[in-house]
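One-letter residues, chain by chain:
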Amino acid sequence: MQGRKALIRRAGEKARAASNIMKGMAVATDPGRNLCLWLKKRQNPLFVSVEIETTSICNRKCLYCPNSVAERPAGNIPDELFTKIIDELAEMNYSGRLSPHLYGEPLVDKRIVRFIAYARERLPGAFIKLFTNGDLLTFELLNELDAAGVDVFRVSQHDKQADSRLIDILQRYTGIAGKHKVEYMKYFDNDENLMNRGGLIAVRHDVNMKFCTYVSGITIDFEGNMLLCCQDYLAKHKLGNLKDENIMDVWNKDSYKSLRDRIESGMWLTALCRVCNGRESGNGGNNSSAGQ
C-alpha cells in the first residue's frame, strides 16, 4: 500500500513539474501574469500540503537556518489543537502531503509517534512525510514512526562528515523497508537547496522565481497561526488562528485567496516575497503587505 502510494505521489510530482514549466513560460510577461491571475480567480483549489509545527524547538542552530540569527518563542502545539487540525482535515478527506514540522525538530517532541499514529488513523489517504536532522533518531524510533504511519523520512545531513551511527541506522532500516522510504539530503555547504528565508539568511545564489508555489500549501505554527508560507519565520503574515477558526474558513478568506492567487501568478505583493525572491535586499522579517 505504501509503495503504491509513493508511486502515485511521484507521478503527481512529475505532472506538477511539467505544469510548472508551462506556467513559468506564461508568467514571464505582464499579459501572462494577468492571464494566470484571471484563471486563478475562477478556481478554488484545495491546498496540496499541510505543515504543522508540533514544536518550535530545534537541537541545532545551522548557519543557513533562521534559528541561528533570530529569536522565536519556544513552545509546543497543544494536544487538543493538533487533534482539532487533523479532525478538520479528516472531514474533507484530505489526501495531500502532511508534515509535522516547520523550523523545529520533530523528534524533540516526545509526542511525535502518537501524533503520527493519530494522523494516519484519521487521514488514511494522506502522504505523511517526516523531515528530521536525524540526531535523535534510533533504529527503534525509526521503526515506531514507520509503524505509526510515516510514508517517507527526509533525513538531512548538516555536518561536513556524515554521522556513521545515523548512516548505519538508515542502512539497516532501508534494507528492511526499501529505499523509497528514506530521502537523504546533504545540506552542509550545499547552497543549491537553500532559501534566504525572507532575507534572514545570506545565500550565495539568487532564487529569482517566476512564480511561487509555497502558498499552495498550508503552514501552521505551534501557536496555531496559519502563515502565508513556510518562509515566514517571524510569522509576519498571519492569515488566521486555528485555535478559534476553521481551516477552510481561513483558506477561503477573500483577502487570503487574493494574496495567494497573485503570488502564484508571479506578482510579488509583500516585502517578504520580494526579498525571498531576490527582487529586493533587506531584512525579510520587517515586511508588510503592499501592492506590486
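A brief look at the structure comes next. What you see is a predicted model, and the numbers here were worked out from it, not measured in a lab.

**Observations regarding the overall build of the protein chain**
Then, in step 1: Of the regular secondary structure elements, the protein chain holds nine helices and eight strands.
Then, in step 2: Excluding contacts between residues fewer than 6 apart, the proportion of contacts in the protein chain whose partners are at least 24 apart in sequence is 71%.
Then, in step 3: As presented, the protein chain carries roughly 14000 Å² of accessible surface, and 52% of it is formed by carbon and sulfur atoms.

**Regarding the packing of helix H4 (residues 112-122) against helix H5 (residues 139-148)**
Between two packed helices, both the angle of their axes relative to each other and the distance between the axes serve to describe the pair.
Then, in step 1: For the pair H4 and H5, the least separation of the axes is 8 Å and the interaxial angle reads 20°. Here H4 is positioned roughly parallel relative to H5, judged by the angle of their axes. For the element pair H4 and H5, the recorded crossing hand is right-handed. In this structure, H4 uses Ile112, Val113, Ile116, Ala117 and Arg120 to contact H5, whose residues at the interface are Leu141, Glu144, Leu145 and Ala148.
Then, in step 2: In terms of residue class, the contact of H4 with H5 is built from seven nonpolar, no polar and two charged.

**Describing the side chain of Arg72**
Then, in step 1: Mapped onto the elements of the fold, Arg72 is located in the loop between strand S1 (49-52) and helix H3 (79-91).
Then, in step 2: A polar contact is formed between the side chain of Arg72 and the backbone oxygen of Tyr233, at a distance of 3.2 Å.
Then, in step 3: In this structure Arg72 touches Glu53, Ser56, Leu102, Tyr103, Asp221, Phe222 and Tyr233, once residues within four positions along its chain are discounted.

**Concerning the nonpolar core**
Then, in step 1: With 54 residues, the main nonpolar core has Val50, Ile52, Ile85, Leu89, Leu98 and Leu145 as its most contacted residues.
Then, in step 2: Looking at which element gives the most residues to this core, the answer is H3, with six residues.
Then, in step 3: Core analysis: the next-biggest nonpolar cluster, separate from the first, contains 14 residues, Cys62, Tyr103, Leu194 and Tyr233 among them.

**Comments concerning the sheet that holds strand S3 (residues 127-132)**
Then, in step 1: With mixed pairing, the eight strands of this open sheet are ordered in space as S5-S4-S3-S2-S1-S6-S7-S8. Each edge of the sheet is formed by a strand with only one pairing partner; in this case those strands are strand S5 (182-186) and strand S8 (238-241). Across this sheet, the average inter-strand angle for adjacent strands is 20°, counted without regard to direction.
Then, in step 2: With three bridges connecting them, strand S7 (residues 225-227) and S8 associate as antiparallel partners. The partner of Met226 across the bridge, within S8, is Gly240.

**A short note on H3**
Then, in step 1: Its 13 residues give H3 an end-to-end C-alpha distance of 19 Å, which sits within 8% of 18 Å, the value for a rise of 1.5 Å per residue.
Then, in step 2: As for H3, its buried residues are in contact with S1, strand S2 (97-99), H4, strand S6 (218-220) and helix H7 (247-251).
Then, in step 3: Count one or two residues on from H3 and you reach Asn93, which has phi positive near 55°.

**Thoughts on the pairing of S3**
The two faces of the sheet receive side chains in turn, since in a regular strand these alternate between them.
Then, in step 1: Judged by how many residues are buried, S3 sits mostly within the fold: five of six residues are covered.
Then, in step 2: One ladder, built from two bridges, connects S2 with S3; its direction is parallel. Looking at S3, one finds that Arg97 is bridged to Phe127.
Then, in step 3: Once the chain exits S2 it traverses H4 before rejoining the sheet at S3, and the crossover so formed is right-handed.
Then, in step 4: Note: S3 against strand S4 (residues 152-157), four bridges, orientation parallel. By the bridge assignment for S4, Phe131 is matched with Arg154.
Then, in step 5: Read from S3 through H5 to S4, the crossover connection turns out right-handed.

**Some details on the pattern of salt bridges**
Then, in step 1: Across all of its chains, the model carries 16 salt bridges by this definition.
Then, in step 2: Among the ionic pairs, Glu51 bridges to Arg97, the shortest N-O distance being 3.3 Å. In this pair, Glu51 is assigned in strand S1 and Arg97 in strand S2, connecting sequence segments 46 residues apart.
Then, in step 3: In this structure Glu51 comes out as buried when scored by relative accessible area, which is 9%.
Then, in step 4: A salt bridge links Arg154 to Glu183; its shortest N-O distance comes to 2.8 Å. Linking Arg154 in strand S4 with Glu183 in strand S5, this pair joins segments that are 29 residues apart in sequence.
Then, in step 5: What emerges from the salt-bridge pattern is a single network uniting Asp79, Asp109, Arg111 and Arg114.

The rules behind the values
Residues numbered from 1 in each chain as written. Predicted model: local features only at pLDDT ≥ 70, side-chain atom pairs only at ≥ 80, totals over all residues. Heavy atoms only, no water. Helix = DSSP H or I, 4+ residues; strand = E, 2+ residues; numbered from the N terminus. Contact = heavy atoms within 4.5 Å. Areas by Shrake-Rupley, 256 points an atom, 1.4 Å probe, with all protein chains shown as cover. Axes fitted to C-alpha atoms, helices over the stretch in contact; angles between N-to-C directions. Parallel < 35°, antiparallel > 145°, perpendicular 65-115°, else oblique. Left-handed = near helix turned anticlockwise from the far one by under 90°. Nonpolar A, V, L, I, M, F, W, Y, C, P; charged D, E, K, R; others polar. Polar contact = N/O pair within 3.5 Å; in protein donor to acceptor, adjacent residues only side chain to side chain. Core = buried A, V, L, I, M, F, W, Y, C linked by side-chain atoms within 4.5 Å. Buried < 20%, exposed > 50% of the residue type's maximum accessible area, 1.4 Å probe, protein only. Pairing = 2+ DSSP bridges. Expected span 1.5 Å × (residues − 1). Right-handed = clockwise from strand over helix to strand, strands pointing away. Salt bridge = Lys/Arg side-chain N within 4 Å of Asp/Glu carboxyl O.

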